[in-house]
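Here is what each chain is made of, one letter per residue.
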Amino acid sequence: MSSDTYRSYTPAERRQRARALFGGVRQAAADADTTRYDRAIDRIDAAAEERGARELAAMRGQLEKDRNAVAAAKTTVRTSDRSGRDAARKAMRTAEDALKRTEKAARRLGL
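Position numbers for residues count from 1 along each chain, tracking the sequence in the order it is written. Totals for whole chains, interfaces and linings use every residue, but because this is a predicted model, local features are given only for residues with pLDDT of at least 70 and side-chain atom pairs only at 80 or more, for both listing and counting. To obtain the side-chain values, all non-hydrogen atoms of the structure were used and water was disregarded.

A. Examining the overall build of the protein more closely. A helix here means a DSSP run of H or I that spans at least four residues, while a strand means a run of E at least two residues long, and both kinds are numbered starting from the N terminus. The secondary structure content of the protein amounts to three helices and zero strands. Order of helices (α) and strands (β) in the protein, N terminus to C terminus: α-α-α. Here the protein has a C-alpha radius of gyration of 23 Å; the compact-globule value for 111 residues is 13 Å, and the former is much larger. Overall size of the protein, expressed as C-alpha extent along the three principal axes, is 80 × 20 × 15 Å. Relative to its full complement of 111 residues, the protein shows a buried share of 26%. By definition in these notes, contact holds between two residues if any of their heavy atoms fall within 4.5 Å. Of all intrachain contacts in the protein linking residues separated by at least 6 positions in sequence, the fraction that spans at least 24 positions is 68%. Using a 1.4 Å probe, the Shrake-Rupley method yields the accessible areas, and only the shown protein chains count as cover for residues. Here the protein displays about 8100 Å² of accessible surface, and carbon together with sulfur accounts for 51% of that area. We compute the radius of gyration over the C-alpha atoms and compare it with the globule rule, which gives 2.2 Å times the number of residues raised to the power 0.38. We call a residue buried when its accessible area falls under 20% of the maximum for its residue type, exposed when it is over 50%, and partly exposed in between, using a 1.4 Å probe and counting protein chains only.

Have a look at this one:
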């Protein structure tokens, strides 16, 4: 397990992993075989790692989409005539707010 790997566990996976970890610790304390618990933990970790990779890819895509929307809105503001400039500024502020929300979520994921 590397420290830069993002894993996204479901609530059920969290419970199953905790149960398997506890069972493995009990078996290890009794000096018994723990391979069953190790396999269960590895299976859960692999599923969470795959889900985490998909979530990171989706977040990167959303971040890029929002950045492009802000750039397009700024271009619209710069190229609009006086009558449409207020609406263009409002659209730019909306796009910037969406980008801020996406960037905050991306920071939580470690991007």
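B. The arrangement of the pattern of salt bridges in detail. Any Lys or Arg side-chain nitrogen located within 4 Å of an Asp or Glu carboxyl oxygen qualifies as a salt bridge. Tallied over the entire structure, the rule returns four salt bridges. For R7, the salt bridge is made with E49, and the minimal N-O distance between the two is 3.3 Å. Here E49 lies in helix 2 (residues 35–79) and R7 lies in the segment before helix 1 (11–29), a separation of 42 residues in the sequence.

C. How the structure looks around the environment of L109. Looking at the secondary structure, you find L109 in helix 3 (residues 85–109). L109 sits 53 residues away from L56 along the chain, and the two C-alpha atoms are 7.5 Å apart. Not counting residues within four places of it along the chain, the set of residues in contact with L109 comprises Y6, L56 and M59.

D. Region of the structure containing the environment of D45. By secondary structure assignment, the location of D45 is in helix 2. On the basis of relative accessibility, which here comes to 9%, the residue D45 falls in the buried class. In this structure, the C-alpha to C-alpha distance between D45 and R7, residues 38 residues apart in sequence, is 7.3 Å. Setting aside its immediate chain neighbours within four residues, D45 contacts R7, Y9 and R17.

E. Broad picture of the nonpolar core. What is meant by a nonpolar core is a set of buried Ala, Val, Leu, Ile, Met, Phe, Trp, Tyr and Cys residues, joined one to another through side-chain atoms within 4.5 Å. Counting residues in each nonpolar core, the largest one holds 10 residues, listed as M59, L63, V70, A73, V77, A88, M92, A95, L99 and A106. Apart from the residues within four sequence positions on either side, A106 is in contact with M59, L63 and L111.

F. Highlighting the side chain of S80. The topology assignment puts S80 in the loop between helix 2 and helix 3. Excluding its chain neighbours within four sequence positions, the residues that come into contact with S80 are R85 and A88.

G. Spatial organisation of the packing of helix 1 against helix 2. Interaxial angles span 0 to 180 degrees and are taken between N-to-C directions of axes, which are lines fitted to C-alpha atoms, for helices over the stretch in contact. Helix 2 packs onto helix 1 with a crossing angle of 150° between their chain directions and a minimal axis gap of 9 Å. Put simply, helix 1 runs roughly antiparallel to helix 2. As helix 1 runs across helix 2, the sense of the crossing is left-handed. Contacts from E13, Q16, R17, A20, L21, G23, G24 and Q27 in helix 1 reach Y37, A40, I41, I44, D45, A47, A48 and R51 in helix 2. Any angle that is under 35 degrees is reported as roughly parallel, and any over 145 degrees as roughly antiparallel; angles of 65 to 115 degrees are reported as roughly perpendicular and all others as oblique. Crossing handedness is defined as follows: a turn of the near helix away from the far one that is anticlockwise and smaller than a right angle gives a left-handed crossing, while the clockwise case is right-handed.

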